[in-house]
Amino acid sequence: MTNIMNLRRNVTTVVALTTLTTILAATTGCQTSLNGQTLPSPYYLQDDVQYFPAGPEFKLPREAAALRAARAEEKLNQR
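The shown structure was predicted, so the numbers you read here are calculated from the model rather than taken from an experiment.

Chemist: Please give an account of the overall build of the chain that cites residues and values.
Modeler: The helix and strand inventory of the chain stands at two helices and two strands. Listing the helices and strands of the chain from first to last along the sequence gives α-β-β-α. Evaluated residue by residue, the chain yields a buried proportion of 3% over its 79 residues. Of the roughly 8000 Å² of accessible surface on the chain, 61% is carried by carbon and sulfur atoms.

Chemist: So what's going on with the confidence of the model for the chain? Residues and values would help.
Modeler: Mean pLDDT over the chain: 83, with 90% of residues reaching 70 or higher. For the chain, strand β1 (residues 32–34) is the element with the lowest average pLDDT, namely 67, and helix α2 (residues 61–78) is the one with the highest, namely 94.

Chemist: Pulling in residues and values, what's your account of a positive patch on the surface?
Modeler: Side chains of R68, R71, K75 and R79 sit close together on the surface and give a patch of like positive charge. Relative to the helices and strands, R71 resides in helix α2. Look at R71 and you get exposed, because its relative accessible area is 53%.

Chemist: So what's going on with a nonpolar patch on the surface? Which residues, and what values?
Modeler: A surface patch of nonpolar side chains, about 270 Å² in accessible area, is lined by L7, V11 and V15. You can see V11 is positioned in helix α1 (residues 2–27).

What counts, and at which threshold
Residues numbered from 1 in each chain as written. Predicted model: local features only at pLDDT ≥ 70, side-chain atom pairs only at ≥ 80, totals over all residues. Heavy atoms only, no water. Helix = DSSP H or I, 4+ residues; strand = E, 2+ residues; numbered from the N terminus. Buried < 20%, exposed > 50% of the residue type's maximum accessible area, 1.4 Å probe, protein only. Areas by Shrake-Rupley, 256 points an atom, 1.4 Å probe, with all protein chains shown as cover. pLDDT = per-residue confidence, 0-100. Patch = residues over 30% accessible without salt bridge, like charges linked within 9 Å, V, L, I, M, F, W, Y side chains within 5 Å. Salt bridge = Lys/Arg side-chain N within 4 Å of Asp/Glu carboxyl O. Lys, Arg positive; Asp, Glu negative; His and termini not counted. Charge placed at Lys NZ, Arg CZ, Asp CG, Glu CD.

This is the structure:
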């Protein structure tokens, strides 16, 4: 008799946890991808917007300047 009660308790616990997990997953606003579309969360209007200003298009200006200086020095040394 106690085995049946333990089994019922275990089944009830599993069903309750599964139900709770399903409810939490359904009510959580998250970004999803569906058929190649990125869909926003239901709360996207309340989200804070982060702005990242555009950086320089050429990312290596110091390296390019160093290469130009090295080429100019190389040309002077060849003469």
